[in-house]
Amino acid sequence: MPGAIHAEGLVKTFGDVRALDGVDLDVPEGTVLGLLGPNGAGKTTTVRCLTTLLRPDSGTATVAGIDVIKHPDAVRRSVGLSGQFAAVDEYLTGRENLQMVGQLYQMRAREAKRRAAELLEQFHLVEAADRPAKTYSGGMRRRLDLAAALVVRPPVMFMDEPTTGLDPRNRQQLWGVIKQLVSGGTTLLLTTQYLEEADHLAHEICVVDHGRVIARGTSDQLKARTGGERVEVVVHERAHITAAAEILSGFGKGEATVEEHTRKLTVPVTGGAKLLAEIIRELDARGIEMDDVGLRRPTLDDVFLSLTGHTAEETTEESAAGDTEAGRRTKETAK
Ligand SMILES: Nc1ncnc2c1ncn2[C@@H]1O[C@H](COP(=O)(O)OP(=O)(O)OP(=O)(O)O)[C@@H](O)[C@H]1O
Ligand SMILES: [Mg+2]
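Notes on the structure follow. (Residues numbered from 1 in each chain as written. Chains lettered and ligands numbered in written order. Predicted model: local features only at pLDDT ≥ 70, side-chain atom pairs only at ≥ 80, totals over all residues.)

**Comments concerning the overall build of the protein**
And step 1. Helix and strand counts for the protein come out as 13 helices and 14 strands.
And step 2. Relative to its full complement of 335 residues, the protein shows a buried share of 38%.
And step 3. Within the protein, contacts between residues at least 6 apart in sequence are counted, and of these 65% link residues at least 24 apart. (Helix = DSSP H or I, 4+ residues; strand = E, 2+ residues; numbered from the N terminus. Buried ≥ 20, exposed ≤ 12 C-beta atoms within 10 Å, placed from the backbone. Contact = placed C-beta atoms within 7 Å.)

Structure, rendered in C-alpha cells:
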C-alpha cells in the first residue's frame with residue numbers, strides 16, 4: 001500500500017535545468033522522511049511539486065491518497081506547508097496572521113482565536129503576538145511561519161528547512177513540537193541542511209543530488225554503508241606530526257591525513273577500541289604527547305560527504321563562491 005506521500009518518477013525542468021530527474025519517494029503514514037542534499041539538488045522543487053505549487057513535467061504522486069496532478073485542490077486541503085522562505089503577512093500581527101489562516105480554512109472565529117493563542121504559546125511568541133510581523137526578527141518570523149502551517153493540524157506536513165536561522169534553543173523546541181505532531185499520527189516530509197536534525201527526527205532519509213535520490217535508508221543504515229571508524233589524534237607539538245603520521249599509517253587501513261593548523265591526524269581503522277589502545281601505547285612509547293585522542297564513528301556528515309563529495313556546510317559556503325564540485329560535475333555532464 002502506498003504511503004501517505006508517494007511519488008514515482010517525478011521530472012521537472014526549468015529551461016535546460018533538470019531540477020528533478022526521476023524522483024521516487026514513499027513516506028509511510030505517521031513517519032518522518034528527511035530529504036537531504038546539497039544546494040540546488042532539487043529538495044524545494046520536490047516539495048513544491050508534492051504540494052501542488054508546481055506541476056511536474058512527468059511522473060505521478062499522491063498525498064494522503066489523493067493525486068496531486070488530478071486533484072490539486074483536494075491535496076491543498078490535506079497538507080500543511082512551511083516553506084524555505086517564510087510566507088507571513090508583514091503588516092498583520094503574529095496573532096492576526098494565525099487567526100487569518102484559521103479563517104481561510106473555515107474555522108469558526110472563536111476556534112481560530114483559541115488555536116492562534118495556543119500556537120503563540122507553543123512557539124514562544126506570546127510577548128510579540130500583538131506586534132506587526134514586520135518588526136519580528138528572522139527567527140521569530142520563521143517560528144510564526146511554522147505555527148501558521150500547523151493551525152489546522154493537517155494529516156500530512158511538508159517543512160522546507162524548518163529550523164534554518166533558529167537558535168539552538170528554538171531548534172530543540174521545534175524538534176519537540178515535531179515529535180509531538182508525529183506521535184499524534186501526522187506524516188512529515190522535511191528538508192534540512194542540519195544533518196543532526198535528520199538524525200534526530202527522520203525515520204528514513206533520502207539523499208538527493210542532481211534531481212535524483214542517490215541513497216535512502218535509516219540514519220544507521222546510511223552510516224553503516226559509509227563504513228569506516230577512524231582514529232583521531234591531536235598531537236601536542238607540531239614537530240611530532242610526521243612521526244605520529246607514520247605510526248598511525250602503520251596501524252590504519254589507509255594513510256593518515258594531517259590537518260597542520262590543528263595538529264590533528266586522522267586514519268581509517270578496523271579494530272575499534274583495542275586498536276586505539278595499541279596506538280596510544282605506541283605514541284606514548286615514542287614520547288609523542290597527545291592533547292586529544294579518540295575513536296570516531298561515521299556521522300551523517302561523513303555519509304553526506306562520501307555520497308555527494310561535500311559536507312552540507314561546505315556545499316553552502318562553496319556554492320556561495322560559485323565554484324562547487326557538484327557545480328563542476330553539472331557543467332561536465334551538461335557538455
Ligand atoms: N523557478 C525556477 N526557475 C528556474 N530554475 C529553477 C527554479 N526553481 C528551481 N530551479 C533550479 O532547479 C534546481 C533545483 O532547485 P531547488 O530549489 O529544488 O534546490 P534545493 O535542493 O531546494 O536547494 P537549496 O538547498 O539551495 O534550497 C536548481 O538548479 C535551481 O536553480
Ligand atoms: Mg531549497
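**Things to note about the site of ligand 1**
And step 1. Taken together, 12 residues are adjacent to ligand 1, and Phe-14, Ala-19, Asn-39, Thr-44 and Thr-45 come closest.
And step 2. Of all the elements in the fold, those that place two or more residues in the shell around ligand 1 are strand E2 (17-27) and helix H1 (43-50).
And step 3. Tallying contributions element by element places H1 first for the shell around ligand 1, with 3 residues.
And step 4. Class assignment for the residues of the shell around ligand 1 results in 4 nonpolar, 7 polar and 1 charged. (Near = placed C-beta within 6 Å. Nonpolar A, V, L, I, M, F, W, Y, C, P; charged D, E, K, R; others polar.)

**Quick notes on the sheet that holds strand E5 (residues 66-67)**
Sheets are built from strands that pair by backbone hydrogen bonding, the pairs being arranged parallel or antiparallel.
And step 1. Spatial strand order, E2-E1-E4-E5: 4 strands in an open sheet with antiparallel pairing. Lying at the two open borders of the sheet, with one neighbouring strand each, are E2 and E5.
And step 2. Pairing analysis gives 8 bridges linking strand E1 (residues 5-14) to E2, with the strands arranged antiparallel. Paired with Thr-13 across the two strands is Arg-18, which belongs to E2.
And step 3. Of the strands in this sheet, E1, E2 and strand E4 (58-63) are in contact with H1, which crosses E1 at around 115°. (Pairing = 2+ DSSP bridges. Axes fitted to C-alpha atoms, helices over the stretch in contact; angles between N-to-C directions.)

**What to know about the pairing of strand E9 (residues 204-209)**
And step 1. Within E9, 5 of the 6 residues are buried, which leaves the element mostly enclosed by the surrounding structure.
And step 2. With 4 bridges connecting them, strand E3 (residues 32-36) and E9 associate as parallel partners. When the bridges of E9 are listed, Leu-35 appears paired with Cys-206.
And step 3. The antiparallel pairing of E9 with strand E10 (residues 212-217) creates a hairpin that spans 2 residues between the two strands, and His-210 there sits at a positive phi of about 50°.

**Remarks on the sheet that holds strand E11 (residues 229-235)**
And step 1. Spatially, 4 strands are ordered E12-E13-E11-E14 in an open sheet, and the strand pairing comes out antiparallel. Looking at which strands have only one partner, the edges of the open sheet turn out to be strand E12 (257-259) and strand E14 (290-296). Pairwise comparison of adjacent strand axes, ignoring direction, gives a mean angle of 15° for this sheet.
And step 2. As paired elements, E11 and strand E13 (residues 264-269) share 6 bridges and run antiparallel to each other. Paired with Val-234 across the bridge in E13 is Lys-264.
And step 3. Lying over the sheet, helix H9 (residues 241-251) contacts E11, E12 and E13, oriented at roughly 10° with respect to E13.
And step 4. Packing against the sheet, helix H10 (residues 272-285) makes contact with E11, E13 and E14, and its axis sits at approximately 160° to E14.

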